[in-house]
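# Tertiary structure, described
Here is how the chains run, residue by residue.
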Amino acid sequence: MFRKVLIANRGEIAVRIIRACREIGIPTVAIYSQADANSLHVRLATEAYCIGPASSAKSYLSIPAIISAAIVSGADAIHPGYGFMSERADFAEICAKHGIKFIGPTAEAMRKMGDKATARQTMIDNNVPVTPGTGILKTPEEVKEFANRVGYPIILKATAGGGGKGMRICRSDDDVETNMNLCQSEAQNFFGNPDVYAEKYLENPRHIEVQILADQYGNVVHLGERDCSIQRRHQKLLEEAPSPAIDEATRKEMGAAAVRAAKAINYESAGTCEFLLDHDGKWYFMEMNTRIQVEHCVTEMISNIDLVREQIMIASGEKLDFTQDEIMLRGHAIECRINAENPEKDFMPNPGTITGYVTPGGFGVRVDSHAYQDYAIPPYYDSMIGKLICWGRTRNEARRRMYRALKEYVITGVETTIPFHQEIIEDPVFMSGNFNTGFIEDFYKRTGKDKK
Ligand code: ADP
C-alpha cells in the first residue's frame, strides 16, 4: 500500500478522498492555493502545502508545483479527483517519471478516450453503438455535407471538450455558417485545441451513464447506471441511480458494452461510459470519463462499494475482490448538487461567506461537502459547495427523504440551489420518472418561471 497520498484537488472531492485514505490508514497530503488556506481539505489532511496563488493555472494546474509538493512530502501516489489534472495524460506520465503512482488509468488509456473523436472510433471498433457522426471537420462545407446526409439538427462538439462547454446545435445551413467558427475558437480558448466534429443531435434524449471498475489484471465489472438527465445548459444538476427508464435487460446490455470498451483499451481504475437514450429506446455511446465523477456517490449508495477506496486499491496493485455476479444493487439513490448560485438570477455564481450552516442527517442521508459556518467561498473556482445524497428502498422513498433533507439543510449568507432542488423533487413530471434532458426548460415553461 502507498506510504502517503497527495490529493491534487480542492473542495468536496479533496475531502472525499482524504476520508477514503484515512479509512484505509494512509496519511494524506493536501495542496492548496492562497485563496484556499481556510478550506476544509487543508484542515483534514495529515499535512498541507500551499502551492501557489489563487489562479488555478498557477496552483491546481501547475505541474511543477504539484510534483514538488509530492517530492517534498514524500508522497508516492497522487489522486487527481475530477477536473483539474484528472484527465491530463501528460500529467500521468510526469508522475510516472518521478516514481509517483497516478491514481487513475494509464496515460495511454486516457489518450484513447480523452478526445471525443478518437473515443468514438474506439467504440465503433468494439461494436458499441455511437450516434451518427464524423471525424474532425475543418470547414462549414464539410459540416453541411454531413448534416444534409443525416438531416438536421446536428451538434458541433470540441473534440477536447468537457463540462458542457464547446458544443453548438445547428438546425440549418445558416446555423453551421455562424457556429463553426464560434465553436472552433471556443474549443481553442477553453481546451487549447480547435478541433471540432459533428454528431447527429438527438432531441431531448436521456443521459444514462454506466460506472465501471477495472483492475490491473484485466478484471472489469460494471455497477449499473446513473440517470443524469436533469441538466441545465448541458450541466448536471441532479442525478439518480438506477435510472427510472432502464430495465434489467438494457442494464445488462449497456453494462456489457461499457465493460467491452474498458477491456478494449486495457483500462484500469474507475471510469464512466456515457450514453444517450433515444425516445424509441435506442442508445448510443457518447464519451468515456476516465476519472471519478461528481455523481459517483449515487452508485456507492446502491452498491455499497466505496469507489474511491477501490481506485486506491486498484492503483496499489490489488485485484478486484468481487465479481460481476457478487455486485448487488439495492434501492434507489438521488443526489442534488448544492451550488452557491442564484437560481432566481439565471444561476449566477454567488460566492461569499457562509454565515450559518446546518447539515441534514438521519437514516439514508449523506452530505459530501467542504463547507462550514464562516467559510468564505472563494470566487475563483467552481460554485459547487456540496452534494446531498439520499437513499431509499424505492425511488419514491429516496425522493421523500431528499425533500425532508433539503428542508433541513440550512445555508445562510449565500444563495444556493437548495430551494430550486425542493421544487424539482416535488414536481409531478420528476415524480413520474418520465423526463429527459429537456426537463429544466420544460419545468421553467410549466411553472411560468421563464417569464420572470
Ligand atoms: P461534456 O463532455 O461537456 O459533458 P457531453 O458530450 O458529455 O459533453 O455532452 C453533455 C450533454 O450534452 C449530454 O448529457 C446531452 O444532454 C447533450 N448532448 C451531447 N451530445 C448530444 C447529441 N448528439 N444529441 C443530443 N444531446 C447531446
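Here the structure is shown first, and the text comes after it.
Let me sum up the structure you'll find in this document. (Residues numbered from 1 in each chain as written. Predicted model: local features only at pLDDT ≥ 70, side-chain atom pairs only at ≥ 80, totals over all residues. Heavy atoms only, no water.)

### Considering the site of the ligand
Our working definition: The nearness test applies per residue and asks whether one of its heavy atoms lies within 4 Å of the molecule or strand. For the purposes of these results, a polar contact is taken to be a pair of N or O atoms within 3.5 Å, where, inside protein, one atom must be able to donate a hydrogen and its partner to accept one; residues adjacent in sequence count only when each atom of the pair is a side-chain atom. Reported accessibility uses the Shrake-Rupley method at a 1.4 Å probe radius. Residues are deemed covered only where the shown protein chains occlude them. Where helices and strands are cited, they refer to DSSP runs of H or I of at least four residues and of E of at least two residues respectively, numbered from the N terminus. As a working rule, the residues Ala, Val, Leu, Ile, Met, Phe, Trp, Tyr, Cys and Pro are called nonpolar, Asp, Glu, Lys and Arg charged, and the rest polar, with Gly in that last group.
Not every one of the 22 residues close to the ligand is listed here, only the nearest: K116, G164, H207, Q231 and E287. Between a nitrogen atom of the ligand and a main-chain N or O atom of K200, the distance comes to 2.9 Å. Taken by itself the ligand offers 560 Å² of open surface, and the protein chains cover 95% of this. Elements that contribute at least two residues to the shell around the ligand include exactly strand 6 (154-158), strand 8 (196-200), strand 12 (269-277) and strand 13 (283-289). Its residues assigned to classes, the shell around the ligand comprises 7 nonpolar, 8 polar and 7 charged.

### Brief notes about the nonpolar core
Where we set the bar: To form a nonpolar core, buried Ala, Val, Leu, Ile, Met, Phe, Trp, Tyr and Cys residues must be joined to one another through side-chain atoms within 4.5 Å. The classification of residues rests on relative accessible area computed with a 1.4 Å probe and restricted to protein chains. Under 20% of the type maximum is buried, over 50% is exposed, and intermediate values are partly exposed. In this analysis, two residues are considered to be in contact whenever any of their non-hydrogen atoms come within 4.5 Å of each other.
Residues I230, I338, I354 and I411 are the most contacted members of the largest nonpolar core, which totals 37 residues. Of all the elements in the fold, those that place two or more residues in this core are strand 11 (235-241), strand 14 (332-339), strand 19 (384-392), helix 12 (395-408), helix 13 (418-425) and helix 15 (439-447). Leave out the neighbours within four places in its chain, and I354 touches A371, Y372, Q373, D374, Y375, I377, I385, I411, T412 and V414. By size, the runner-up hydrophobic cluster in this structure holds 31 residues, among which are A30, Y82, L213 and L307.

### Notes on the environment of A70
The topology assignment puts A70 in helix 3 (residues 63-73). In this structure A70 comes out as buried when scored by relative accessible area, which is 0%. Separated by 36 residues in the primary sequence, A70 and Q34 have C-alpha atoms spaced 18 Å apart. Contacts of A70, omitting those with residues within four sequence positions, involve L6, A75, I78 and I100.

### Some points on the layout of surface pockets
Put simply, the test is: Using a grid of 1 Å spacing that covers the protein atoms alone, one calls a set of points a cavity when a 1.4 Å probe fits there but cannot get out, and a pocket when the set is open and has protein on both sides within 12 Å along at least five of seven lines; lining residues are those with an atom within 4 Å of a point. Grid points are joined across faces, edges and corners, and a volume is the space filled by probe spheres set on the points.
Considering only enclosed or pocket space, the second largest pocket measures out at about 250 Å³ in volume. In terms of lining residues, the second largest pocket is bounded by H222, L223, G224, E248, R251, K252, Q324, D325, I327 and L329. Where the lining of the second largest pocket is concerned, the elements lending two or more residues are strand 10 (220-232) and helix 9 (248-264).

### With respect to the pairing of strand 11
To keep things clear, this is the line we draw: Two strands form a pair only when DSSP identifies at least two bridges running between them.
Of all 7 residues that make up strand 11, 6 are buried, and the element is covered over most of its length. Sheet topology note: the strand 10/strand 11 ladder contains 4 bridges and is antiparallel. Paired with Q231 across the strands is K236, a residue of strand 11. In this structure, strand 11 lies alongside strand 14, joined through 4 bridges in antiparallel fashion. Bridge pairing in strand 14 places L238 opposite C336.

### As for the pattern of salt bridges
Just so we agree on the cut-off: One speaks of a salt bridge when a side-chain nitrogen belonging to Lys or Arg is within 4 Å of a carboxyl oxygen belonging to Asp or Glu.
In this structure the tally under the stated criterion is 42 salt bridges. For E177, the salt bridge identified is with K144, shortest N-O distance 2.6 Å. Note that E177 is positioned in helix 8 (residues 173-191) and K144 in helix 7 (residues 140-150), a separation of 33 residues in sequence. Exposure remark for E177: the relative accessible area of 39% places this residue in the partly exposed category. Note on K144: relative accessible area 16%, which makes it buried. Residue R393 pairs with E397 through a salt bridge whose shortest N-O separation is 2.7 Å.

### Quick notes on a negative patch on the surface
The condition that has to hold: Residues enter a patch when their relative accessible area is above 30% and they make no salt bridge; the linking distance is 9 Å between like charges and 5 Å between nonpolar side chains (Val, Leu, Ile, Met, Phe, Trp, Tyr). Within this scheme the basic residues Lys and Arg register as positive and the acidic residues Asp and Glu register as negative, but His and the chain ends are omitted. Charge coordinates come from a single atom per side chain, which is NZ of Lys, CZ of Arg, CG of Asp or CD of Glu.
Together, E318, D321, D325 and E326 give the surface a local cluster of negative charge. Following the sequence through the fold, E326 ends up in the loop between helix 11 (307-315) and strand 14.

### A few points about the pairing of strand 8
Judged by how many residues are buried, strand 8 sits mostly within the fold: 5 of 5 residues are covered. Of the two faces of strand 8, the one carrying V196, A198 and K200 and the one carrying Y197 and E199 are both buried. Pairing of strand 6 with strand 8 involves 5 bridges; the strand directions are antiparallel. Directly across from L156, in strand 8, lies its bridge partner A198.

### Here's the deal with empty space enclosed by the protein
Taken as a whole and assessed by the stated rule, the structure comprises 2 cavities of 30 Å³ or more. The space that makes up the largest cavity amounts to roughly 40 Å³. Every residue lining the largest cavity is listed: R10, H370, Y375, I377, P378, Y381, D382, M384 and I385. Of the residues belonging to the lining of the largest cavity, the class tally is 6 nonpolar, 1 polar and 2 charged. Considered as a void within the structure, the second largest cavity measures approximately 30 Å³ in volume. Along the walls of the second largest cavity sit H79, P80, G81, S86, F102, I103, G104, P105, T290, R291, I292 and Q311, which together make up its complete lining. Among the residues making up the lining of the second largest cavity, the classes are represented as 5 nonpolar, 6 polar and 1 charged.

### Observations concerning the side chain of E295
As for its position among the elements, E295 is in the loop between strand 13 and helix 10 (296-303). By relative accessible area, E295 is classed as buried at 2%. Those residues within four positions of E295 in sequence are excluded, and the remaining contacts are E209, R226, C228, K236, E239, E335 and R337.

### Looking at the sheet that holds strand 12
Put simply, the rule reads: Fitted lines through C-alpha atoms serve as axes, helices being fitted only where they are in contact, and the angles separating the N-to-C directions of these axes extend from 0 to 180 degrees.
Ordered in space as 13-12-9-10-11-14-19-18, the 8 strands form an open sheet in which the pairing is antiparallel. With one partner strand each, in any of the chains shown, strand 13 and strand 18 (365-369) form the two edges of the open sheet. The mean angle between the axes of side-by-side strands here comes to 25°, regardless of whether they run parallel or antiparallel. Here 9 bridges tie strand 9 (residues 206-214) to strand 12, and the two strands are oriented antiparallel to one another. Within the sheet, the bridge partner assigned to V210 lies in strand 12 and is C273. Against the sheet, helix 1 (residues 11-24) contacts strand 18 and strand 19, and its axis sits at roughly 115° relative to strand 18. Set on the sheet, helix 11 makes contact with strand 9, strand 10 and strand 12; between it and strand 9 the angle comes to about 40°.

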